[in-house]
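Breakdown of the fold
Here's the letter readout for the chains.
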Amino acid sequence: MSFKKEEMKAAVIEHNPWTDLERIRTYLNKGKTPGVDESTLAWEGNKLFIEAAPEPNDVDWEFIHRSTADKLKVRFHLIFRTDFIRMH
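In this text, all values refer to a predicted model and were calculated from it rather than measured experimentally. Residue positions are given per chain, counted from 1 along the sequence in the order it is written. With the structure being a predicted model, the display of local features is reserved for residues of pLDDT at least 70 and the display and counting of side-chain atom pairs for 80 or more, all residues being used for whole-chain, interface and lining totals. For side-chain calculations, the full set of non-hydrogen atoms in the structure is used, while hydrogens and water are omitted.

A word on a nonpolar patch on the surface
Like-charged residues within 9 Å of one another, or nonpolar side chains (Val, Leu, Ile, Met, Phe, Trp, Tyr) within 5 Å, are grouped into patches, provided each residue has over 30% relative accessible area and no salt bridge. Per-residue accessibility takes into account occlusion by the displayed protein chains alone, with areas from the Shrake-Rupley method and a 1.4 Å probe. When a carboxyl oxygen of Asp or Glu is within 4 Å of a side-chain nitrogen of Lys or Arg, the pair counts as a salt bridge. A cluster of nonpolar side chains, namely Met1, Phe3 and Met8, defines an oily patch on the protein surface of about 330 Å² accessible area. The way it works is that DSSP assigns letters per residue, a run of H or I at least four long becomes a helix, a run of E at least two long becomes a strand, and they are numbered from the N terminus. Inspection of the secondary structure assignment puts methionine 8 in helix α1 (residues 6-15). The class of methionine 8 is partly exposed, set by a relative accessible area of 42%. Note on classification: 1.4 Å probe, protein chains only; a residue is buried when its accessible area is under 20% of the maximum for its type, exposed when over 50%, partly exposed between these limits.

Encoded structure:
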């Protein structure tokens, strides 16, 4: 979403709060959000989780083409190698 004024963005984020627990429950429920009512910002019966986008300088553009799974595999591999080297 984009807004004409920062105040509009702040109001939408403030009036549509969510918790990490809500996001986990929704993920485990295959994207379905139980208990959505008319006052909830929703699309096709599912709650929309709204948060501000990161600043462009906060995004790691170098590896944006890689999936999260690929990045995690590399990190775990490097952690394992580092720990293995330290042990010897």
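That was the structure; now back to the text.
Structural notes on the environment of threonine 26
Checked against the element boundaries, threonine 26 lands in helix α2 (residues 20-28). Residue classification places threonine 26 among the buried positions, given a relative accessible area of 10%. The contact criterion used throughout is that any non-hydrogen atoms of two residues lie within 4.5 Å. In this structure threonine 26 touches Gly31, Lys32, Thr33 and Phe49, once residues within four positions along its chain are discounted. Here a polar contact is recorded for every N or O atom pair within 3.5 Å, except that within protein the pair must consist of a potential hydrogen donor and a potential acceptor, and residues adjacent in sequence are included only if both atoms are side-chain atoms. There is a polar contact of 2.9 Å between the side chain of threonine 26 and the backbone oxygen of glutamate 22.

Regarding the confidence of the model for the protein
Predicted coordinates in regions of low pLDDT should not be interpreted in detail. Residue-level confidence of the predictor is what pLDDT reports, using numbers from 0 through 100. The predicted model of the protein has a mean per-residue pLDDT of 81, with 94% of residues at 70 or higher. For the protein, per-element mean pLDDT is lowest for strand β1 (residues 42-43), which scores 73, and highest for α1, which scores 86.

Here's the deal with the pattern of salt bridges
When their charged atoms lie close together, side chains carrying opposite charge are able to pair. Scanning the entire structure with this criterion turns up two salt bridges. With its nearest N and O atoms 3.2 Å apart, the salt bridge here joins glutamate 6 to lysine 9. Placement of the pair is glutamate 6 and lysine 9 together in helix α1, with a separation of three residues, close to one helical turn. Its relative accessible area of 55% is what places glutamate 6 among the exposed residues. Classification of lysine 9 by relative accessible area gives partly exposed; the value is 28%. A salt bridge links arginine 23 to glutamate 51; the nearest nitrogen and oxygen atoms lie 3.6 Å apart. Of this pair, arginine 23 sits in helix α2 while glutamate 51 is found in the loop between β2 (46-47) and α3 (68-87), placing the two residues 28 residues apart along the sequence. Residue classification places arginine 23 among the partly exposed residues on the basis of a relative accessible area of 34%.

Considerations on the packing of aromatic side chains
Put simply, two rings from Phe, Tyr or Trp (the six-membered ring, in Trp's case) pair if the centres are within 6.5 Å, and we call them stacked under 30 degrees between planes, edge-to-face over 60, tilted for the rest. Applying the stated criterion across every chain, the model contains one aromatic pair. Their ring planes at 90° and their centres at 6.0 Å tell us that tryptophan 18 and phenylalanine 49 sit as a pair that is edge-to-face. Taken as a pair, tryptophan 18 in the loop between α1 and α2 and phenylalanine 49 in the loop between β2 and α3 lie far apart in primary sequence, 31 residues in all. On the basis of relative accessibility, which here comes to 24%, the residue phenylalanine 49 falls in the partly exposed class. Throughout this description, the term charge over a ring refers to an Arg CZ or Lys NZ atom that lies within 6 Å of the ring centre and within 35 degrees of the ring normal. Cation over ring: arginine 23 sits above tryptophan 18, and NZ or CZ is 4.7 Å from the ring centre.

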